[in-house]
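Structure assessment
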Amino acid sequence: MVIFAHPDDAEIGSGGVVARWVAAGGEVTYVLCTDGGAGTADRSLTPAELADKRAAEQRAAADFMGVKNLVMLGYPDGGLEDTVEFRGDVVRAIRAYRPHTVFAHDPYRIRSFQHRDHRMAGIVTTDAVYPFARDHLHFPRQITAEGLAPHKVRELWYWGPDEANIIVDVTDSIDQQIAALVRHQSQVPGLNVAPGQTIGERVKRAAAEAAKGYGFEYGAAFRRLVARR
Ligand SMILES: [Zn+2]
């Protein structure tokens, strides 16, 4: 399960690994927290028009990646807060789709700029994974009234960490990651691509940097937490 703030964050953060795991038979669920209605420099679009466009792009990218389930929580872009309501929505998705591993924004990154929504999505996901989804006395109505069961997530993988502790070889899947990323057509101009460079080149440059010294061409770096048995 990939839990992310804005349309395109999932492909940027975990796309190479997700493509690899889908190819190996894994079932993947995306949980998109906001509607992406504020992330543009294009003043001709209303937030509602932008949100519709971004939802369609996210659906296309998820289909292309072979993602089985796409949950859209619909919070306003720039409006994520660490609230009981938001945490309950993330817990509900975890209890409904029961992932072994959850991918999320690293909320503890301090070495570079990070969108507030990314920090909020990361912290709420961290708490939802443990202990809120696991323990039946948290959000008990999901269990008594909605028919869900508590669920223990085994692993939590943060993308964008200051210090990675796992590097995944994504040499065979990086082209699919990039192809999915460009499905977010309204976002591509805003993805901080240097003049003369394509988004694919930018992604590959960072992935080559992550792979340095590991004996493969492209890597994806994460900070991985494993739950005790
Ligand atoms: Zn984002």
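Positions within a chain are numbered from 1, following the residues in the order the chain's sequence is written. Reporting of local features is limited, given that this is a predicted model, to residues whose pLDDT is at least 70; pairs of side-chain atoms are given and counted only at 80 or more, and all residues count toward the totals for whole chains, interfaces and linings. As a rule here, side-chain values come from all non-hydrogen atoms in the structure, and water together with hydrogens is ignored.

**Concerning the coordination of the zinc ion**
The protein atoms that coordinate the zinc ion are His 6 (ND1), Asp 9 (OD), Asp 9 (OD) and His 118 (NE2), at distances of 2.0 to 2.3 Å. Because no water is among the atoms considered, metal sites can look incomplete, with donors defined as N, O and S atoms within 2.8 Å of the metal, or 3.2 Å for Na, K and Ca. For four-coordinate sites, all angles between 85 and 135 degrees define a tetrahedron; for four- and six-coordinate sites, opposite donors beyond 155 degrees with the remaining angles between 65 and 115 define square planar and octahedral shapes respectively, and all other cases count as irregular. Here the zinc ion binds four donor atoms, and the angle range of 55 to 138° at the metal identifies the geometry as irregular. Sequence spacing among the residues donating to the zinc ion works out to H-x2-D-x108-H.

**Quick notes on helix α4 (residues 116-132)**
Over its 17 residues, α4 runs 22 Å from end to end, which matches the ideal 24 Å to within 8%, given 1.5 Å per residue. Counting buried positions along α4 gives twelve out of 17 residues, so the element sits mostly inside the fold. With a 1.4 Å probe rolled over the protein chains alone, any residue whose accessible area is under 20% of its type maximum counts as buried; one over 50% counts as exposed, and the rest are partly exposed. Every helix listed is a DSSP run of H or I at least four residues long, and every strand listed is a run of E at least two residues long, numbered separately from the N terminus. Residues Asp 117, His 118, Met 120, Ala 121, Gly 122, Val 124, Thr 125, Thr 126, Ala 128, Val 129, Pro 131 and Phe 132 constitute the buried set of α4. Contacts between residues were defined by any pair of non-hydrogen atoms, one from each residue, lying within 4.5 Å. Lining the buried residues of α4 we find β1 (2-4), α1 (9-23), β2 (29-34), α3 (84-97), β4 (101-105) and β5 (155-159). Residue count minus one, scaled by 1.5 Å, sets the expected span of a helix.

**Section: helix α7 (residues 199-211)**
Helix length check: α7, at 13 residues, gives a terminal C-alpha distance of 18 Å against a target of 18 Å (1.5 Å per residue), a fit within 8%. Three or more residues of α7 are buried, namely Ile 199, Gly 200, Val 203, Ala 207 and Ala 211. Take α7 and look down its axis: the buried residues cluster within an arc of 100°, on one side only. With respect to the buried face of α7, the exposed residues turned more than 90 degrees away are Arg 205, Ala 206 and Glu 209. In this fold, the buried residues of α7 make contact with α6 (174-181) and β7 (219-226). As used here, the arc belongs to the directions running from the helix axis to the C-beta atoms.

**Comments concerning the nonpolar core**
The criterion is simple. A nonpolar core is a set of buried Ala, Val, Leu, Ile, Met, Phe, Trp, Tyr and Cys residues joined through side-chain atoms within 4.5 Å. Of all hydrophobic cores here, the largest spans 28 residues; its most connected members are Val 2, Tyr 30 and Phe 222. Excluding residues within four positions of it along the chain, Tyr 30 makes contact with Val 2, Phe 4, Ala 10, Glu 11, Gln 58, Ala 62, Met 65, Val 67, Asn 69, Leu 70 and Val 71. Membership of the second largest hydrophobic core comes to 26 residues, among which are Tyr 75, Ala 93, Val 102 and Met 120.

**Quick notes on the side chain of Arg 87**
Tracing the backbone through its elements, the reader meets Arg 87 in helix α3. At 4.4 Å, Asp 82 is the nearest oppositely charged side chain to Arg 87, a buried residue that forms no salt bridge. Lys and Arg are tallied as positive, Asp and Glu as negative. Neither His nor the chain termini are counted. Salt bridge, as used here, is a side-chain nitrogen of Lys or Arg placed within 4 Å of a carboxyl oxygen of Asp or Glu.

**Some words on the sheet that holds strand β3 (residues 69-75)**
Within the open sheet, the seven strands sit side by side as β3-β2-β1-β4-β5-β7-β6. Their pairing is mixed. Only two strands of the sheet have a single neighbouring strand rather than two, namely β3 and β6 (166-169). Neighbour-to-neighbour, the strand axes of the sheet open up by a mean angle of 25°, direction not taken into account. In short, DSSP must find at least two bridges between two strands for them to pair. Pairing of β5 with β7 involves five bridges; the strand directions are antiparallel. Within the sheet, the bridge partner assigned to Glu 155 lies in β7 and is Val 226. Fitting a line to C-alpha atoms yields each axis, with helices limited to the stretch in contact; the angle taken between N-to-C directions then spans 0 to 180 degrees. Of the strands in this sheet, β1, β2 and β3 touch α3, which is tilted by about 170° from β3. Here α4 sits on the sheet in contact with β1, β2, β4 and β5, set at roughly 155° to β4.

**Let's talk about the environment of Ser 173**
Looking at the secondary structure, you find Ser 173 in the loop between β6 and α6. A residue is classified by how much of its surface remains accessible, and Ser 173, at 4% relative accessible area, is buried. Considering only alpha carbons, one finds Ser 173 and Glu 85, 88 residues apart in sequence, at a separation of 36 Å. When near neighbours in sequence (up to four residues on either side) are disregarded, Ser 173 contacts Gly 16, Ala 19 and Arg 20.

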